[in-house]
Amino acid sequence: MEGSNMETGQNLQNQPHTEVGTARPCRSCKWQTPDPTDPHRGQCTANRHAMGGVWKRWLRDVENTTCSRHEEGKLSFRDHV
Ligand code: SF4
């Protein structure tokens, strides 16, 4: 089990988590893909690069969710297609 448990302890900040009023919301993060049906929701695709595989996480509220992987980038819908 050792080495396979990536989701606890020190990696908590790497996980999407609620932070009300954060200055680095998922909304402005280049890893976020907006949900076309609900602008408050989206998906995080950051781990696609970190782990080499597609890994998406639902974001319930892109304004008040953040994590330490936040990277600002030009949000272009075209780039996400
Ligand atoms: S990398 Fe972090 S801040 Fe960026 S969309 Fe994913 S959870 Fe949000």
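Residues numbered from 1 in each chain as written. Predicted model: local features only at pLDDT ≥ 70, side-chain atom pairs only at ≥ 80, totals over all residues.

Chemist: I'd like a description of the overall build of the protein chain, backed by residues and values.
Modeler: The number of helices and strands found in the protein chain is 2 helices and 5 strands. Going through the 81 residues of the protein chain one by one, you find that 17% of them count as buried. (Helix = DSSP H or I, 4+ residues; strand = E, 2+ residues; numbered from the N terminus. Buried ≥ 20, exposed ≤ 12 C-beta atoms within 10 Å, placed from the backbone.)

Chemist: So what's going on with the UniProt feature "binding site: [4Fe-4S] cluster" (unreviewed entry) in the protein chain? Which residues, and what values?
Modeler: Sites flagged by UniProt as "binding site: [4Fe-4S] cluster" (unreviewed entry) map to Cys26, Cys29, Cys44 and Cys67. Taken together, the annotated residues stretch across 42 residues yet fold into one region, lying no more than 10.2 Å apart by C-alpha. Relative to the helices and strands, cysteine 29 is located in the loop between strand 1 (17-18) and strand 2 (32-34). Taking the C-beta count within 10 Å as the criterion, cysteine 29 has 24 such neighbours and is therefore assigned buried. Examined against the element boundaries, cysteine 44 turns out to sit in strand 3 (residues 42-44). On the basis of neighbour counts, which here come to 22 C-beta atoms within 10 Å, the residue cysteine 44 falls in the buried class. Non-local contacts of cysteine 44, meaning those with residues more than four positions away in its chain, are made with Pro16, Cys26, Trp31, Gln32, Lys56, Arg57 and Leu59. (UniProt positions renumbered as here; feature names shortened; annotations may be inferred. Contact = placed C-beta atoms within 7 Å.)

Chemist: So what about the confidence of the model for the protein chain? Which residues, and what values?
Modeler: Taken over all residues, the pLDDT of the protein chain has a mean of 79, while the share at 70 or more is 67%. Within the protein chain, the lowest mean pLDDT, 53, falls on helix 2 (residues 77-80), and the highest, 96, falls on strand 5 (residues 65-66). (pLDDT = per-residue confidence, 0-100.)

Chemist: Please provide a residue-by-residue account of the sheet that holds strand 3, values included.
Modeler: Hydrogen bonds along the backbone pair up the strands of a sheet, which may run parallel or antiparallel. The 3 strands lie next to each other as 2-3-4, forming an open sheet whose pairing is antiparallel. Strands at the two margins of the open sheet, each flanked by one partner only, are strand 2 and strand 4 (57-59). Taking each pair of neighbouring strands and ignoring which way they run, the sheet shows an average axis angle of 30°. Of the pairings in the sheet, the one linking strand 2 to strand 3 comprises 3 bridges and is antiparallel in character. Paired with glutamine 32 across the bridge in strand 3 is cysteine 44. (Pairing = 2+ DSSP bridges. Axes fitted to C-alpha atoms, helices over the stretch in contact; angles between N-to-C directions.)

Chemist: Outline the nonpolar core, supporting the account with residue identities and numerical values.
Modeler: In this structure, Cys26, Cys29, Trp31, Cys44, Ala46, Leu59 and Val62 together form the largest nonpolar core, which totals 7 residues. Look past the residues within four positions of tryptophan 31 in its chain and what remains in contact with it is Cys44, Thr45, Ala46, Arg69 and Glu71. (Core = buried A, V, L, I, M, F, W, Y, C linked by C-beta atoms within 7 Å.)

Chemist: Describe the environment of glutamine 32, naming the residues involved and giving the relevant values.
Modeler: Mapped onto the fold, glutamine 32 is located in strand 2. Here the alpha-carbon distance between glutamine 32 and glutamate 71, two residues 39 residues apart in the chain, equals 9.7 Å.

Chemist: Can you lay out the environment of proline 16 for me, pointing to particular residues and giving the numbers?
Modeler: Looking at where proline 16 falls in the secondary structure, it is placed in the segment before strand 1. The buried category is assigned to proline 16, around which 23 C-beta atoms lie within 10 Å. When the C-alpha positions of proline 16 and cysteine 67 are compared, they lie 4.9 Å apart, and in sequence the two are 51 residues distant.

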